[in-house]
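# Coordinate analysis (summary)
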Amino acid sequence: MRKIYFLLIVFFLIHSVSGAQSKENLEQSGFAKKELSEYQKAAVDRFLRYVAIDTQSKDDVASIPSTPGQMELAKTLKKEAIEIGLSDVRMDSHGYVYTVLPANGVRNPEKIPTIGFISHIDTSSDVEETKIHPKVHENYQGGDITLSEKEGSKIEAAKNPCLKTCIGSAIITTDGTSLLGADDKSGVAEIMTAMEYLIKHPKIPHGTVKIAFTPDEEVDKGPAGFDLKGFCASFAYTVDGGEDGEINDETFNAASAIVSFHGKSSHPGSAKGAMVNCLFAAAHFLDIIPLEQRPENSDERQGFLYPYELNGGTEKVEVKMLIRDFESVQLETKKEFIRNLVKQTQKTFPQVKIDVAIEDTYKNMKTILASFPFVLSCAEEGMKRAEVTPKKMPIRGGTDGADFSFMGLPCANIFTGTHNEHSREEWIAANSIGKAVETIVNMVCICSEKPEFFGTSGSN
Ligand SMILES: [Zn+2]
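Residues numbered from 1 in each chain as written. Predicted model: local features only at pLDDT ≥ 70, side-chain atom pairs only at ≥ 80, totals over all residues. Heavy atoms only, no water.

### What to know about the nonpolar core
Counting residues in each nonpolar core, the largest one holds 78 residues, and the members touching the most others are Phe47, Ile115, Phe117, Met195, Phe213 and Tyr237. For this core, the element with the highest residue contribution is helix H12 (residues 430-449), accounting for 11 residues. Those residues in contact with Tyr237 that lie beyond four places of it in its chain are Ile115, Gly116, Phe117, Ile118, Phe374, Val375, Cys378, Ala379, Cys411, Ala412, Ile414 and Met443. Membership of the second largest hydrophobic core comes to 21 residues, among which are Val259, Cys278, Leu305 and Ile323. (Core = buried A, V, L, I, M, F, W, Y, C linked by side-chain atoms within 4.5 Å. Buried < 20%, exposed > 50% of the residue type's maximum accessible area, 1.4 Å probe, protein only. Helix = DSSP H or I, 4+ residues; strand = E, 2+ residues; numbered from the N terminus. Contact = heavy atoms within 4.5 Å.)

In structure tokens form, the structure reads like this:
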């Protein structure tokens, strides 16, 4: 893999100067501010069309996509990509949609690095209701936003400080019965609209742009069927972040654990000396997880141990856990800590047999992205041109970009404008959708205008 990165760095160093565009072209590039409201509206309309399709993904389903609704959205996106004039549109049998915006108006397009944008089409199953009723609150003027009068549900301004920056914008929420699905259908709508903008403005010179819409990100299967070779970008971005300006180049290191407790059942009437009820051992194990190691007490750069599911009865109980830390050494310490908790529990309950199986899930993508500083520079510059302040922050979770980065495609994550993902209070401002569209257009232009960004990578 190091060899691939070395070749990529050499590619940028050799071609960085010859990819430069003329000053006249530079002046033609970028997003015309006067058209912002038109394209913002187009992106919001798209977004509302996409959220109407139920694409909630399901865990523990072997097939990709895990639910049929994702195929429906994938077909819609394929059709739309063809209609707006994108090239090489293809959809595979698993619901991955790939398309290309060919280079335009540049000399030696093969010498300009190929930028990629990726968003996922599925939504989280954290909220059960799948029918989404979006509400558009026009011209927000501050204060709480009512989701349902009847239920008394609302988005509280005090708990959502970003609302202060959205005065005058439309805010899109649900009616409080479901999540919104802005994670990540806003990203899909923003990418699609940015491509439409570039197609409708043929005077803007740019290199080749690769686009992919992927299924089952929420159940960690997005990269599994991704055609990395066919996608063939020099570097990419998942458009799947939160508030305006967010750039993530760092994720947790992640592992999962299954702790199994084996007891012995018998009729409770004749259980004396015979029954070994492993429920008590499982309860003890959960109880001795220190408070400060639990996600509800962790933030910023702290990792955690998260028991998220418990199944079973007297004879067998299974506890499923997530283990997370930004530092790989600390992740190993946390794995060891769990093994020790198991040993302690085993000592207290000698008649219960306890096993633990731990597996790595994904790694911190910073390990890779540290060697490609231009991936961040390009996003930061694209945001600044859209008058968005870049905010580099680690993701307290994972992203498909972490897997893509380790597969050989350096891939950071940029904002969509979504807030309160995976909850009934999920919301997004129309203004943020517009800013994300503008940022994507700017980033495409930067690839051909700012070759110095691509010749400064570190060595690996
Ligand atoms: Zn997402």
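Next, the rest of the story.
### Brief notes about helix H3 (residues 36-51)
With 16 residues, H3 extends 22 Å from end C-alpha to end C-alpha; this agrees with the ideal 22 Å at 1.5 Å per step. Residues of H3 that are buried: Leu36, Tyr39, Gln40, Ala43, Val44, Arg46, Phe47, Tyr50 and Val51. What you see down the axis of H3 is that its buried residues fit within an arc of 160 degrees, all on one side. Turned more than 90 degrees off the buried face of H3, the exposed positions are Ser37 and Lys41. Against the buried residues of H3 lie helix H4 (68-84), strand S7 (171-173), helix H5 (182-200), strand S18 (427-429) and H12. (Expected span 1.5 Å × (residues − 1). Arc of directions from axis to C-beta.)

### Describing the coordination of the zinc ion
Distances from the zinc ion to its protein donors, His120 (NE2), Asp183 (OD), Asp240 (OD) and Asp240 (OD), fall at 1.9 to 2.6 Å. Classification of the site at the zinc ion as irregular follows from its 4 donor atoms and the range of 54 to 145 degrees in their angles at the metal. Here the donor residues for the zinc ion map to a single chain with the spacing H-x62-D-x56-D. Within this pair, whereas Asp183 is found in helix H5, its partner Asp240 is found in strand S9 (residues 235-241), the two being separated by 57 residues in sequence. Judged by relative accessible area, which is 10%, Asp183 ranks as buried. In this structure Asp240 comes out as buried when scored by relative accessible area, which is 15%. (Donors = N, O, S within 2.8 Å, 3.2 Å for Na, K, Ca; no water. Tetrahedral: all angles 85-135°; square planar, octahedral: opposite > 155°, others 65-115°.)

### Some remarks on the pairing of strand S12 (residues 304-312)
As paired strands, S12 and strand S13 (residues 316-325) are joined by 8 bridges and run antiparallel to one another. Each residue of the ladder has a partner; that of Pro307, found in S13, is Met321. (Pairing = 2+ DSSP bridges.)

### Thoughts on the domain arrangement of the protein
Partitioning the protein into structural domains gives domain 1 (2-250 + 364-455) and domain 2 (253-362). Look at where the C-alpha atoms of domain 1 and domain 2 centre, and you get two points 37 Å apart. Contact residues are listed per partner, giving 9 residues for domain 1 and 10 residues for domain 2. Of the roughly 860 Å² buried between domain 1 and domain 2 on both sides combined, carbon and sulfur atoms contribute 44%. Broken down residue by residue, the surface that domain 1 buries against domain 2 is led by Glu250, Asn364 and Arg396, which jointly contribute 58%. Our count for the domain 1 to domain 2 interface comes out at 1 salt bridge. Where Glu250 meets Arg301, a salt bridge forms, and the shortest distance between an N and an O atom there is 2.9 Å. Run the count over domain 1 and domain 2 and you get 8 residue pairs in polar contact (both at pLDDT 80 or more). (Domains from an automatic or database assignment. Buried area = accessible area lost by both parts, 1.4 Å probe. Salt bridge = Lys/Arg side-chain N within 4 Å of Asp/Glu carboxyl O. Polar contact = N/O pair within 3.5 Å; in protein donor to acceptor, adjacent residues only side chain to side chain.)

### Quick word on H4
With 17 residues, H4 ought to run about 24 Å at 1.5 Å a step, and its terminal C-alpha atoms sit 25 Å apart, in line with that. For H4, the complete set of buried residues consists of Gly69, Gln70, Met71, Leu73, Ala74, Leu77, Glu80, Ala81 and Ile84. Turning to H4, the residues buried within the fold contact H3, strand S1 (87-91), strand S2 (97-101), H5 and strand S8 (209-214).

### As for the packing of H3 against H4
Interhelical geometry of H3 versus H4 gives an angle of 155 degrees and a closest axis separation of 11 Å. Classed by the angle they form, the pair H3 and H4 counts as roughly antiparallel. Remark: the crossing between H3 and H4 carries right-handed chirality. The residues of H4 that touch H3, namely those facing Arg46, Arg49 and Tyr50, are Leu73, Leu77, Glu80 and Ile84. The residue makeup of the contact of H3 with H4, split by class, is 4 nonpolar, no polar and 3 charged. (Axes fitted to C-alpha atoms, helices over the stretch in contact; angles between N-to-C directions. Parallel < 35°, antiparallel > 145°, perpendicular 65-115°, else oblique. Left-handed = near helix turned anticlockwise from the far one by under 90°. Nonpolar A, V, L, I, M, F, W, Y, C, P; charged D, E, K, R; others polar.)

### Focus: the sheet that holds S18
Spatial ordering of the open sheet is given by S4-S7-S18-S17, a layout of 4 strands whose pairing is antiparallel. Edge positions in the sheet fall to strand S4 (135-137) and strand S17 (418-419), since each of these pairs with one other strand and no more. For S4 and S7, the ladder comprises 3 bridges, and the chain directions are antiparallel. Along S7, the bridge assignment pairs Val136 with Ile172.

### Concerning the packing of helix H7 (residues 278-287) against helix H8 (residues 328-348)
Direction vectors running N to C along H7 and H8 enclose 140 degrees, while the axes themselves pass 10 Å from each other. Accordingly, the angle class assigned to the pair H7 and H8 is oblique. In this structure, the crossing between H7 and H8 has a hand that is right-handed. Residues Ala281, His284 and Phe285 of H7 lie in contact with H8, whose contacting residues are Ile338, Leu341, Val342, Thr345 and Thr348. Of the residues contributing to the contact of H7 with H8, the split by class is 5 nonpolar, 3 polar and no charged.

### Describing the sheet that holds S9
The strand order S1-S2-S8-S3-S9-S16-S10-S15 describes an open sheet built from 8 strands, whose pairing is mixed. With partners counted over all chains shown, the strands left at the sheet margins are S1 and strand S15 (391-392), one partner each. Relative to S8, strand S3 (residues 115-120) runs parallel, the two sharing 6 bridges. Of the residues in S8, the one forming a bridge with Ile118 is Ala212.

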